[in-house]
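# Chains, contacts and geometry: an overview
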Amino acid sequence: MQVLVNATLATMADESAGYGLIDGAALVIDGDRIIWAGAEAQLPHRDAPRRDLGGRLVTPGLVDCHTHVVFGGDRAQEFEMRLEGASYEEIARAGGGILSSVRATREADEAALLDAALRRVDHLIAEGVTTIEIKSGYGLDVETELKMLRTARRIGESRPVHVATTWLAAHALPPECKDDRAGYLRDVVIRGMDRAHAEGLIDAVDGFCEGIAFSRDEMAAVFDHAAGLGLPVKLHAEQLSDLGGAAMAAEHGALSADHLEYLGADGIAAMAASGTVAVLLPGAFYTLRETQLPPVQALRDAGVPIALATDANPGTSPLTSILLTMNMGATLFRLTPAECLAGVTRHAARALGLADRGTITAGARADLAIWDVRHPAELSYRIGFNPLHARVFGGEFV
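Please read these numbers as outputs of a predicted model, since none were measured by experiment.

## A few points about the overall build of the protein
The number of helices and strands found in the protein is 15 helices and 16 strands. On C-alpha atoms alone, the protein measures out to a radius of gyration of 21 Å, which is about the 21 Å that the 2.2 N^0.38 rule sets for 398 residues. With respect to the three principal axes, the spread of C-alpha positions in the protein is 70 × 45 × 45 Å. Here the contacts in the protein between residues at least 6 apart in sequence split such that 71% fall between residues at least 24 apart. Surface accessibility of the protein: about 15,400 Å² in total, with carbon and sulfur atoms responsible for 51%.

And the structure:
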């Protein structure tokens, strides 16, 4: 048993209570679980050894609930070309775009993918992240998609971080299948899902519902198959247009719908009814210099939980800072600092279907971040500054 004293807790346990701040607080941890949290004056385990936290702020361990950190190569040259005036079509003709990541990912072996991904994940861990979601989606053939997910599982074995994996073969159509959409969905997305599930490699199923990717009806069929395997679903939806993907996802009980810049009233109502989390991705909004803001106030008014994530990927969000993501959520999307912290703790955990983390409450997993700040608003306020003092993962200081 561990007793942590002389702390300020941001429990993040109740939407109506904001941060749920407790000054002069203490925590009791038994194994990998929190068994008590509250004012130190009420501490029930007075005879147990104590660890003094020096008055520091303690939050739940942060959760990055939408990433693509396993991939080969990079797209820095494409970034440069875009800034020099090249169009999307010109970049694609020059070998850029998602297919350049597909080629590099197919060519890389698992060791190379793991080495590159660990460097990205280490940045997230260093900012207090204790749970990270990692998607496939840069293989677009069964073997490479499986290779990506095996790499993601190895990250969780190589670092003190929990990894949730997501099958995202329905990310784009590879060139070899450009004239056979149905065949790709059948032979790669569906049959590959069966193989990945049989190998224990996936925790959820995702897809990209957009005019440049897959339709609402195509994704509904993928989700129906996922349901038959007992797998939860989530969806990249309404990033570039409103195709009704979020509403469809909500009708399938989706854990989350992500991006959502063009989300309409019907989608918001469906998400509110189903409890589907809205995952906002300010890194992609920033990188693409978008102007269509997600409907934050309408989501608030409907009571839809709002999460934030890095969307770390090589093309549209080369971002591996959860703290900068929080700042972007506040400055670009006008979320409050309390909403930003909830978005990378309680709501982000919900977006992954993980009810045992994201709050500092009795029974929750003892994943914590300890900060050298006086108030949690500082975590969203500062830019390019990391005040993490220590991280606790499963009850262990790491």
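Read on, since the account is not over.
## Observations concerning helix H5 (residues 142–158)
Under the 1.5 Å per step criterion, the end-to-end length of H5 is 24 Å for 17 residues, consistent within 8% with the ideal 24 Å. Burial in H5 covers these residues: Val 142, Thr 144, Glu 145, Leu 146, Lys 147, Met 148, Leu 149, Thr 151, Ala 152 and Ile 155. Buried-residue contacts for H5 involve helix H3 (98–107), helix H4 (110–125), strand S7 (129–135), strand S8 (162–170) and helix H6 (181–198).

## Examining the UniProt feature "binding site: N-formimidoyl-L-glutamate" (unreviewed entry) in the protein
Using the residue numbers shown here, the UniProt feature "binding site: N-formimidoyl-L-glutamate" (unreviewed entry) corresponds to Tyr 138, Asn 313 and Gly 315. In three dimensions, the annotated residues from a span of 178 residues occupy one location, with a maximal C-alpha spread of 11.2 Å. Relative to the elements of secondary structure, Tyr 138 occurs in the loop between S7 and H5. Residue contacts for Tyr 138: discarding those within four places in its chain leaves His 68, Val 70, Phe 71, Ile 98, Ser 101, Val 102, Thr 105, Glu 145, Met 148, His 171, Asn 313 and Pro 314. Relative to the assigned elements, Gly 315 resides in the loop between strand S13 (306–308) and helix H12 (322–331).

## A look at unusual backbone geometry
Despite not being glycine, Glu 238 has its phi angle at roughly 55°, a positive value. Checked against the element boundaries, Glu 238 lands in the loop between strand S10 (234–237) and helix H8 (245–251). With a phi angle near 55°, Arg 289 is a residue other than glycine that sits in the positive phi range. Of note, Arg 289 is situated in the loop between helix H10 (282–287) and helix H11 (296–302).

## Re the sheet that holds S8
As summarised here, the arrangement of the eight strands in space is S6-S7-S8-S9-S10-S11-S12-S13, forming an open sheet in which the pairing is parallel. Of all the strands in the sheet, just strand S6 (62–64) and S13 have a single pairing partner and so form its edges. Going across the sheet, the axis of each strand differs from the next one's by a mean of 25°, ignoring polarity. Summarising the sheet, strand S12 (residues 277–280) and S13 pair through three bridges and their orientation is parallel.

## Section: H6
Over its 18 residues, H6 runs 24 Å from end to end, which matches the ideal 26 Å to within 8%, given 1.5 Å per residue. Of all the bends found along H6, the most pronounced is centred on Gly 192 and spans about 25°. Within H6, the full set of buried residues consists of Gly 183, Tyr 184, Leu 185, Val 188, Val 189, Ile 190, Gly 192, Met 193 and Ala 196. The inward-facing, buried residues of H6 contact H5, S8, strand S9 (204–209) and helix H7 (216–228). Gly 200 lies just past H6 and shows a positive phi near 70°.

## Some words on the domain arrangement of the protein
Domain parsing of the protein yields domain 1 (2–61 + 359–397) and domain 2 (62–352). Using only C-alpha atoms to locate each centre, domain 1 and domain 2 end up separated by 30 Å. Facing 28 residues of domain 1, the contacting portion of domain 2 comprises 25 residues. Of the roughly 1,900 Å² buried where domain 1 meets domain 2, counting both sides, 61% is carbon and sulfur surface. The three residues of domain 1 that bury the most area against domain 2 are Met 12, Ser 380 and Arg 391, which together make up 31% of that side's buried surface. Our count for the contact surface shared by domain 1 and domain 2 stands at zero salt bridges. Taken together, domain 1 and domain 2 are joined by seven residue pairs in polar contact (both at pLDDT 80 or more). Here the side of domain 1 that touches domain 2 takes four residues from strand S15 (residues 388–393), the largest share from any one element. For the side of domain 1 that touches domain 2, the class distribution of residues is 18 nonpolar, five polar and five charged.

## A few points about the packing of aromatic side chains
Aromatic rings considered in pairs are described by the distance between their centres and by the relative angle of their planes. Scanning the model with the defined rule gives three aromatic pairs in all. Look at Tyr 184 and Phe 214: their rings are 6.3 Å apart centre to centre, the planes differ by 10°, and that puts the pair in the stacked class. One end of the pair, Tyr 184, is in helix H6; the other, Phe 214, is in the loop between S9 and H7, with 30 residues separating them in the sequence. Judged by centre distance (5.2 Å) and plane angle (75°), the ring pair of Phe 285 and Phe 333 falls under edge-to-face. Taken together, the residues Phe 285 in helix H10 and Phe 333 in the loop between H12 and helix H13 (337–343) connect sequence positions 48 residues apart. Here the two residues Phe 285 and Phe 333 agree in accessibility, since each one is buried. Cation over ring: Arg 51 sits above Phe 397, and NZ or CZ is 3.6 Å from the ring centre.

Quick notes on the rules
Throughout, residues of each chain are indexed from 1 in the direction in which the sequence is written. Owing to the predicted nature of the model, reporting of local features is limited to residues with pLDDT of at least 70; listing and counting of side-chain atom pairs is limited to 80 or more, with chain, interface and lining totals taken over all residues. Each side-chain value is derived from all of the structure's non-hydrogen atoms; neither hydrogens nor water enter the calculation. Runs of E in the DSSP output that reach at least two residues are strands. Runs of H or I that reach at least four are helices, and both are numbered from the N terminus. Atoms counted for the radius of gyration: C-alpha only. Globule rule: 2.2 Å times the number of residues to the power 0.38. The contact criterion used throughout is that any non-hydrogen atoms of two residues lie within 4.5 Å. The method behind every accessible area is Shrake-Rupley, applied with a 1.4 Å probe, and residues are considered shielded solely by the protein chains displayed. A helix is expected to span 1.5 Å multiplied by its residue count minus one. Working definition: with a 1.4 Å probe on protein chains only, accessible area under 20% of the residue-type maximum means buried, over 50% means exposed, and in between means partly exposed. UniProt positions are given in the numbering used here, feature names are shortened, and annotations may be inferred rather than shown by experiment. Strand pairing requires that DSSP identify at least two bridges connecting the strands. Axis lines are fitted through C-alpha atoms, for helices just across the contact stretch, and the angle between N-to-C directions can take any value from 0 to 180 degrees. Throughout, the bend at a residue refers to the angle made by two axes, fitted to the seven residues ending there and to the seven starting there. The domain boundaries here were taken from an automatic or database domain assignment. Buried area: the accessible surface (1.4 Å probe) lost by two parts on joining, summed over both. We define a salt bridge as a contact between a side-chain nitrogen of Lys or Arg and a carboxyl oxygen of Asp or Glu at a distance within 4 Å. Pairs of N or O atoms are called polar contacts if they sit within 3.5 Å, as long as, within protein, a hydrogen donor faces a hydrogen acceptor (for residues adjacent in sequence, only side-chain-to-side-chain pairs). Residue polarity is assigned by list, with Asp, Glu, Lys and Arg as charged and Ala, Val, Leu, Ile, Met, Phe, Trp, Tyr, Cys and Pro as nonpolar; anything else, Gly included, falls into the polar class. Between rings of Phe, Tyr and Trp, where Trp is taken as its six-membered ring, a pair exists when centres lie within 6.5 Å; planes separated by under 30 degrees are stacked, by over 60 edge-to-face, and by other angles tilted. Two limits define a charge over a ring: the Lys NZ or Arg CZ must be within 6 Å of the ring centre, and within 35 degrees of the ring normal.

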